[in-house]
Amino acid sequence: MDDRQLRGADTASRRHELSPSSCLFALLVFAALICAGCQTSLPPLPYPPGPKTAVRLSPGDVIKVSYADETVPDQTLKIRRDGKVSLPLISEVTAAGKKVIDFQDELVSRYEGKLENNEVLVTLESGLATVIVSGFANKPGAFNLDRPTTVYQAIMAAGGVSDYGSLSNIHLTRIVNGVQLTETINLRPSVRGKPTEPKYVQDGDVIYIARSLF
């Protein structure tokens, strides 16, 4: 085989490598990689909690019961693991799972006829929310956080986003009316010191930090 045949075979091989079908395939692969990096923005969760949102009492919360009737001293109590507290004259009462105002109304009703003035005031002295931070956090795990706590603060409690995590692709999952819902949160502006509206966590939330694609 002479040199001209070799050069012809080499040229034909190069033409085959640069054929339109090969270029189209390369473009499709590139487009697929770009799309893989695209983030799907999920809509905000309904009924977002805030610093003044009525919370439901949970085991571990510390509440204060103040009595209008001076014959009974005020009580500062920690809700037990069984969800109950012990109060004068009415013994054990289930507090967990109830809003503060609803629990207060229940106590007013229970003290009727037992006190000359049955008005009481219930305040939440210390409230905890158990939040799971998973994915690409430096120290993922379950955390008991005082309410109100923001998503950013919860992630910082988990050591922050790792070098492989994405600040702009954080998923907050919450059960709302028996349905598991998720929204996407971009914390990059917060980290850069820009004013943003904070997102607050509530008990049972799961925060997942996705992997950064770049």
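As a starting point, this report considers the structure included with it. On a predicted model such as this, the values are computed, not experimentally measured, just so you know. (Residues numbered from 1 in each chain as written. Predicted model: local features only at pLDDT ≥ 70, side-chain atom pairs only at ≥ 80, totals over all residues. Heavy atoms only, no water.)

Turning our eyes to something else, we now look at the layout of surface pockets. By volume, the largest pocket amounts to about 610 Å³. Every residue lining the largest pocket is counted, 22 residues in all, and those nearest its centre are T53, A54, V55, R56 and Q202. Taken as a whole, the second largest pocket spans an internal volume of roughly 190 Å³. In terms of residue class, the lining of the second largest pocket is made up of 5 nonpolar, 4 polar and 2 charged. (1 Å grid on protein atoms, 1.4 Å probe; cavity = no way out; pocket = protein on both sides within 12 Å on 5 of 7 lines; lining within 4 Å. Points joined across faces, edges and corners; volume = space filled by probe spheres on them. Nonpolar A, V, L, I, M, F, W, Y, C, P; charged D, E, K, R; others polar.)

Right, let's talk about the environment of T150 for a bit. One can find T150 in the loop between β7 (141-146) and α4 (151-157). Residue class for T150 comes out buried when judged on its relative accessible area of 11%. Placed 48 residues apart in sequence, T150 and P198 show a C-alpha to C-alpha distance of 6.2 Å. Aside from chain neighbours lying at most four places away, what touches T150 is P198, K199, Y200 and V201. (Helix = DSSP H or I, 4+ residues; strand = E, 2+ residues; numbered from the N terminus. Buried < 20%, exposed > 50% of the residue type's maximum accessible area, 1.4 Å probe, protein only. Contact = heavy atoms within 4.5 Å.)

Generally speaking, a soluble globular protein has its nonpolar side chains buried in company with each other. I63, V65, Y67, L87, F103, L107 and Y111 are the most contacted members of the largest nonpolar core, which has 20 residues in total. Counting residues per element, the ones that place at least two in this core are β1 (62-67), β3 (84-87), α3 (100-110) and β5 (120-126). With near-sequence residues (within four places) excluded, Y111 lies in contact with Y67, L87, P88, L89, I90, N118 and V120. If you look at the next biggest cluster of nonpolar residues, it comprises 19 residues, including V161, I170, L172 and V201. (Core = buried A, V, L, I, M, F, W, Y, C linked by side-chain atoms within 4.5 Å.)

Turning our eyes to something else, we now look at the side chain of R174. When you line up the elements, R174 lands in strand β8 (residues 165-176). Only 3.1 Å separates the side chain of R174 from the backbone oxygen of Y200, close enough to count as a polar contact. Those residues in contact with R174 that lie beyond four places of it in its chain are L45, P48, P49, V179, Q180, L181, Y200, V201, Q202 and D205. (Polar contact = N/O pair within 3.5 Å; in protein donor to acceptor, adjacent residues only side chain to side chain.)

With that settled, the discussion passes to the pairing of β7. Pairing between strand β6 (residues 128-135) and β7: 6 bridges, direction antiparallel. Pairing of T130 across the sheet is with N144, part of β7. With antiparallel pairing between neighbouring strands as the criterion, β6 and β7 make up a hairpin whose turn holds 5 residues. (Pairing = 2+ DSSP bridges.)

Next up on the list: the packing of aromatic side chains. Counting across every chain of the model gives 1 aromatic pair. The interplanar angle of 85 degrees and the centroid separation of 5.3 Å between the aromatic rings of Y67 and Y111 together place this pair among those described as edge-to-face. One end of the pair, Y67, is in strand β1; the other, Y111, is in the loop between α3 and β5, and 44 residues separate them in sequence. Accessibility classification places Y67 together with Y111 in one group, the buried group. (Phe/Tyr/Trp six-rings, centres within 6.5 Å; stacked < 30°, edge-to-face > 60°.)

With that settled, consider the pattern of salt bridges. Side-chain pairs of opposite charge can arise whenever the charged atoms involved come near each other. Taken as a whole and assessed by the stated rule, the structure comprises 7 salt bridges. Its salt-bridge partner being R80, residue D82 comes within 3.0 Å of it at the nearest N-O pair. The class for R80 is partly exposed, based on a relative accessible area of 29%. Because the salt bridges share partners, they merge into one network encompassing R80, D82 and E92. (Salt bridge = Lys/Arg side-chain N within 4 Å of Asp/Glu carboxyl O.)

Turning our attention to α3. Among all positions of α3, only V100, F103, Q104, L107 and V108 are buried. Looking straight down α3, one finds its buried side chains confined to an arc of 145 degrees; they lie on one side. Looking at the buried side of α3, the elements it contacts are β1, β3, β4 (91-94) and β5. (Arc of directions from axis to C-beta.)

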